[in-house]
Number of protein chains: 2
Amino acid sequence: MNPVRPTRRGVLTGAAVVGAAGLGAGASALAGREAAATPGATRTVPFHGARQAGITTPAQDSLVFAALDVTTSRAGELADVLQRWSEAAATMATGAPVGGPGGLGGAADEPPLDTGEAHELPPANLTVTLGYGPSLFDGRFGLAGRRPAALEELPALPGEQLDPTRCGGDLCLQACADDPQVAFHAVRNLVRIGRGVVAVRWVQLGFGRTATTSAGQPTPRNLMGFKDGTANLRAEDTAGLDRHVWVGGEGAPAADQEWMRGGTYLVARRIRMLVEAWDRAPLGEQERVIGRAKVSGAPLTGTSEFDPPDLARTSATGEPVIDVAAHMRLAAPETNGGARILRRGYSYTDGLDLTTGQLDAGLFFICFGNDPASQFVAIQRRLGARDGLTEYLKHTGSAIFACPPGTAEGESWGQGLFT
Amino acid sequence: MNPVRPTRRGVLTGAAVVGAAGLGAGASALAGREAAATPGATRTVPFHGARQAGITTPAQDSLVFAALDVTTSRAGELADVLQRWSEAAATMATGAPVGGPGGLGGAADEPPLDTGEAHELPPANLTVTLGYGPSLFDGRFGLAGRRPAALEELPALPGEQLDPTRCGGDLCLQACADDPQVAFHAVRNLVRIGRGVVAVRWVQLGFGRTATTSAGQPTPRNLMGFKDGTANLRAEDTAGLDRHVWVGGEGAPAADQEWMRGGTYLVARRIRMLVEAWDRAPLGEQERVIGRAKVSGAPLTGTSEFDPPDLARTSATGEPVIDVAAHMRLAAPETNGGARILRRGYSYTDGLDLTTGQLDAGLFFICFGNDPASQFVAIQRRLGARDGLTEYLKHTGSAIFACPPGTAEGESWGQGLFT
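Residues numbered from 1 in each chain as written. Chains lettered and ligands numbered in written order. Predicted model: local features only at pLDDT ≥ 70, side-chain atom pairs only at ≥ 80, totals over all residues. Heavy atoms only, no water.

1. Description of the overall build of chain A
Line of reasoning, step 1. Along its length, chain A carries 9 helices and 10 strands.
Line of reasoning, step 2. Summarising the internal contacts of chain A: among those between residues at least 6 apart in sequence, 76% fall at separations of at least 24.
Line of reasoning, step 3. Surface accessibility of chain A: about 14000 Å² in total, with carbon and sulfur atoms responsible for 54%. (Helix = DSSP H or I, 4+ residues; strand = E, 2+ residues; numbered from the N terminus. Contact = heavy atoms within 4.5 Å. Areas by Shrake-Rupley, 256 points an atom, 1.4 Å probe, with all protein chains shown as cover.)

Here is the structure:
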């Protein structure tokens, strides 16, 4: 028999330790494989703030991402759901059930307010981030005049083989947590609150982070076995975030983006990796295609991960050391007029592709930026046209969302757009 | 910049702490939400032993389960893959890459032996468990005479709506770990080793354990929000395991099971929960259907989780307090001639069911027992015929496998069957 309090899992991660302290804490370096445990009470990310959580928050371990469509034509009903979502997300971020402590039980003749599967799990740094898709502004809700020009459907891009059932959406909910059951619980309960007003369009789970959004986080590896996100924007680089991520971060936003001040745009791409083909590629080919050493993550012109790459260096035979088609060259700010993005993606696997018998696995790419056209779209055009990696990838899902700024206690996610 | 060693995640869980110490350690109680961190070196489960790991091992947090078919007709090729799998699984269980430390890099003109995505992750208590399906004994490999009578395809059962692409398999690999990327890495690399000899038939991911296999583990909740596995067999109950789980655990095995001595049979069922319907059911209905209180997990005749249920007790009006159709009554050993099973399942979600617009989520049920006909099959017949839970469930996948005994260093999983 088991007399202890039934805490299912005490997931204590490096990400959590940093996340707990919030953005201002800087690098809380991990001493090798064994990160120190921190008290659970600090493993929460505040829901309220000038900006939404889940953007510069140190990337948690798990993702549940849902795109939703609005099924009502009454703007008031949608605004009401956004208000209730905001309250529920704030509550869940503290580790409490929807409806507060009483939300698990209640009257015998009514369904409980909370579905219960996260009860006694730690808060696990849960964040929920909301976004609006371009289709929300199509006129159904009287919002046609509020759509910022920056929020437009992504153009056709090279390397795509899009599945329409994995694209688009009027809204998105990005739930991240260090426990997948906590992230799943959040999305499930928000979908439940929205029943009759919103319906799920698609869902994507991510099982391991592929980006570092804080200097305190070690760089993870993607399913190609390479470190991913070495050169990512990080939470500590506030000037960089103001310049590249936040709407109105530098000066006043464009007039059509006034309600988005302090918000940002989210681009999501489901990028399948043809892992069987990749696994057959020789090490030298893999490293040439990426432009980095596989084990250390160092650029091919350096010896350790954070050595600045020397894109101009040539070998004795006059060849560029970092290949002209190397992914890291083509994605580098130097190659893209200084454009940078904040990446926050996750590895995924959705089992077997029955049509090919191969694993359906890869990267659910998420990035944030204040000008998708000059950032994600421009970079992806450059990558898709020349990147040696393209032959190992297939973009199968795509969406863009406007993530409004954060909220203060009692405020609603929807207040900037609906008032 | 980040000078620390790039350890991606230090996932330190209660399960891991117990798992580290192995089966003999008994209950290592967790002091509430904050489990103490233990050194990573101990967070491994030995691969070698009289029995396979991953059966009575304290349930880890994540599952990747693959069913495979053999695509060659040469028994020798299959035996060779089993030998190579055994070596690779033993290596990965220590946290090392396939092929040892050099497996990550190597010659530039060859693919690395290991795919690399688990490099620098902790061993995370990885276990890989092998099983043979009934179809392996169909004569292709000269094994027809070796099939134990206990290993037969499951009969049709009530509550099924089986998807043939989620059923069966010549072989299975059950990878469990406290980091999903470690479990994924193990299956991916074993599939890669087996290329040309085996092909994946289906894959199922599980994101949260729904069973407790050790007294040191708190009871988790399933996606219905109820504690699951309160009355499960546990590793500490060695007499119960000998009686119900291990082939030949009590006395000599039947002649046709001699090579299975110390092994067991695995039944896997993908059980979709109709979560939207469940979420609309009143609390009283949910508790009546399960037979336990939702928040505490106590039987309706008791006040705390581990109170023994009183199946005979009636209310003042003469009604049984635990309903005649309650899941816990129908699944109880008392109702099943003493039959018990070792459950080791996981919650899953595979996104949206596009035909209904509802979440495809539920329980990937796994159980172990030495006599599936009198254990899983008999219990499921009883449940399917009367269980109040049945209207909220749909069995969509099904398979049975014979898990051979464990191996000593240098031995192969396949040695009992192929020699």
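That shown, we press on.
2. Comments concerning the environment of Ala89(A)
Residues and elements named next belong to chain A.
Line of reasoning, step 1. With respect to the secondary-structure elements, Ala 89 resides in helix α2 (residues 75–93).
Line of reasoning, step 2. It is 7.3 Å that separates the C-alpha atoms of Ala 89 and Ala 186, two residues lying 97 residues apart in sequence.
Line of reasoning, step 3. Filtering out sequence-adjacent residues up to four positions away, Ala 89 remains in contact with Phe 47, Val 128, Leu 190 and Trp 413.

3. Remarks on the pattern of salt bridges
All names here are of chain A.
Line of reasoning, step 1. Scanning the entire structure with this criterion turns up 43 salt bridges over all chains.
Line of reasoning, step 2. For Asp 350, the salt bridge is made with Arg 270, and the minimal N-O distance between the two is 2.8 Å. With Asp 350 in strand β8 (residues 346–353) and Arg 270 in strand β6 (residues 264–273), this pair connects stretches of sequence that are 80 residues apart.
Line of reasoning, step 3. Residue Arg 270 is classed as buried on the basis of its relative accessible area, which comes to 4%. (Salt bridge = Lys/Arg side-chain N within 4 Å of Asp/Glu carboxyl O. Buried < 20%, exposed > 50% of the residue type's maximum accessible area, 1.4 Å probe, protein only.)

4. Some remarks on the packing of aromatic side chains
Aromatic ring pairs: the centre-centre distance and the angle between the two ring planes describe each pair.
Line of reasoning, step 1. Applying the stated criterion across every chain, the model contains 24 aromatic pairs over all chains.
Line of reasoning, step 2. Each ring, one from Phe65(B) and one from Phe401(B), has its centre 6.2 Å from the other, and the planes form 50°; the classification is tilted. One end of the pair, Phe65(B), is in strand β1 (residues 62–70); the other, Phe401(B), is in strand β10 (residues 393–403), with 336 residues separating them in the sequence. The exposure classification of Phe65(B) matches that of Phe401(B), with both residues buried.
Line of reasoning, step 3. Members of the aromatic cluster, each reached through a chain of ring pairs, are Phe65(A), Trp202(A), Phe364(A) and Phe401(A). (Phe/Tyr/Trp six-rings, centres within 6.5 Å; stacked < 30°, edge-to-face > 60°.)

5. Re the pairing of strand β2 (residues 127–132) of chain A
For a regular strand, side chains alternate in direction, first toward one face of the sheet and then toward the other.
Residues and elements named next belong to chain A.
Line of reasoning, step 1. Across the 6 residues that make up β2, a large majority, 6, are buried.
Line of reasoning, step 2. Because side chains alternate across β2, one face comprises the buried residues Thr 127, Thr 129 and Gly 131, and the other comprises Val 128, Leu 130 and Tyr 132, equally buried.
Line of reasoning, step 3. Both β2 and strand β3 (residues 171–177) contribute to a ladder of 6 bridges, which runs antiparallel. Bridging across to β3, Val 128 finds its partner in Ala 175. (Pairing = 2+ DSSP bridges.)

6. Description of the confidence of the model for chain A
Line of reasoning, step 1. Per-residue confidence for chain A gives a mean pLDDT of 89, with 90% of residues at or over 70.
Line of reasoning, step 2. Across residues 1–41 of chain A, where pLDDT falls below 50, the model places 122 contacts with residues more than four positions away in sequence or in other chains. (pLDDT = per-residue confidence, 0-100.)

7. Regarding the pairing of strand β9 (residues 358–369) of chain A
Residues and elements named next belong to chain A.
Line of reasoning, step 1. Across the 12 residues that make up β9, a large majority, 11, are buried.
Line of reasoning, step 2. Examined bridge by bridge, β6 and β9 share 9 bridges and lie antiparallel to one another. Bridging from a neighbouring strand, Val 267 pairs with Cys 367 of β9.
Line of reasoning, step 3. Relative to β9, strand β7 (residues 342–343) runs antiparallel, the two sharing 2 bridges. Each residue of the ladder has a partner; that of Leu 342, found in β9, is Phe 368.
Line of reasoning, step 4. Sheet analysis places β8 next to β9, joined by 6 bridges and oriented antiparallel. Residue pairing across strands places Thr 349 opposite Ala 361, the latter belonging to β9.
Line of reasoning, step 5. The turn linking β8 back onto β9 is made up of 4 residues, and Gly 357 within it adopts a positive phi angle of 70°.

8. Let's talk about helix α3 (residues 180–193) of chain A
Residues and elements named next belong to chain A.
Line of reasoning, step 1. Relative to the 20 Å expected for 14 residues at 1.5 Å per residue, α3 spans 20 Å between its end C-alpha atoms, a close match to the ideal helical length.
Line of reasoning, step 2. Counting buried residues in α3 gives 14 out of 14 residues, a clear majority hidden from the surface.
Line of reasoning, step 3. Put simply, Asp 179 is the residue that caps the front of α3, since its side-chain oxygen is 2.8 Å from the backbone nitrogen of Gln 181. (Expected span 1.5 Å × (residues − 1). Polar contact = N/O pair within 3.5 Å; in protein donor to acceptor, adjacent residues only side chain to side chain.)

9. Regarding the packing of α2(A) against α3(A)
All names here are of chain A.
Line of reasoning, step 1. Following both chains from N to C, one finds α2 and α3 inclined at 155°, their axes separated by 10 Å at the closest point. Viewed along their axes, α2 and α3 adopt a mutual orientation that is roughly antiparallel. For the crossing formed where α2 meets α3, the hand is right-handed. Taken together, the residues of α3 that come into contact with α2 (itself represented by Arg 84, Trp 85, Ala 88, Ala 89 and Met 92) are His 185, Ala 186, Asn 189, Leu 190 and Ile 193.
Line of reasoning, step 2. Its residues assigned to classes, the contact of α2 with α3 shows 7 nonpolar, 2 polar and 1 charged. (Axes fitted to C-alpha atoms, helices over the stretch in contact; angles between N-to-C directions. Parallel < 35°, antiparallel > 145°, perpendicular 65-115°, else oblique. Left-handed = near helix turned anticlockwise from the far one by under 90°. Nonpolar A, V, L, I, M, F, W, Y, C, P; charged D, E, K, R; others polar.)

10. Observations concerning the nonpolar core
Line of reasoning, step 1. Counting 156 residues, the largest nonpolar core has Trp85(A), Leu136(A), Trp85(B) and Leu136(B) as its most contacted members.
Line of reasoning, step 2. Ignoring sequence-local partners within four residues, the contact set of Trp85(B) consists of Leu68(B), Leu130(B), Leu171(B), Leu173(B), Leu190(B), Ile193(B), Gly194(B), Val198(B) and Trp413(B). (Core = buried A, V, L, I, M, F, W, Y, C linked by side-chain atoms within 4.5 Å.)

11. Digging into the environment of Glu152(B)
Residue and element names in this part refer to chain B.
Line of reasoning, step 1. Looking at the element boundaries, Glu 152 is found in the loop between β2 (127–132) and β3 (171–177).
Line of reasoning, step 2. Residue class for Glu 152 comes out partly exposed when judged on its relative accessible area of 47%.
Line of reasoning, step 3. Ignoring any residue separated from it by four or fewer positions in sequence, one finds Glu 152 in contact with Pro 134, Arg 147 and Ile 400.

12. A few points about unusual backbone geometry
Residue and element names in this part refer to chain A.
Line of reasoning, step 1. A positive phi angle is found at Glu 120, which is not glycine, with a value near 75°.
Line of reasoning, step 2. Note on placement: Glu 120 falls in the loop between α2 and β2.
Line of reasoning, step 3. At Asn 125, a position not held by glycine, the phi torsion is positive, near 60°.
Line of reasoning, step 4. Within the element layout of this structure, Asn 125 appears in the loop between α2 and β2.

13. Quick look at the environment of Ala50(B)
Residues and elements named next belong to chain B.
Line of reasoning, step 1. With respect to the helices and strands, Ala 50 occurs in the loop between α1 (14–21) and β1.
Line of reasoning, step 2. Residue Ala 50 is classed as exposed on the basis of its relative accessible area of 65%.
Line of reasoning, step 3. Taking the C-alpha atoms as reference points, Ala 50 and Ala 408, separated by 358 residues in sequence, lie 7.3 Å from one another.
Line of reasoning, step 4. Leaving out residues up to four positions away in the same chain, Ala 50 has contacts with Gly 262, Pro 405 and Gly 406.

14. Focus: α2(A)
Residue and element names in this part refer to chain A.
Line of reasoning, step 1. When the terminal C-alpha atoms of α2 are compared, their 27 Å separation across 19 residues agrees well with the 27 Å that a helix rising 1.5 Å per residue should span.
Line of reasoning, step 2. Looking only at α2, the buried set comprises Leu 78, Val 81, Leu 82, Trp 85, Ser 86, Ala 88, Ala 89, Ala 90, Met 92 and Ala 93.
Line of reasoning, step 3. Those residues of α2 hidden inside the fold are in contact with β1 (62–70), β2, β3, α3, β4 (198–206) and α9 (415–418).
Line of reasoning, step 4. Note on α2: the residue one or two positions beyond its end, Gly 95, has a positive phi of about 95°.

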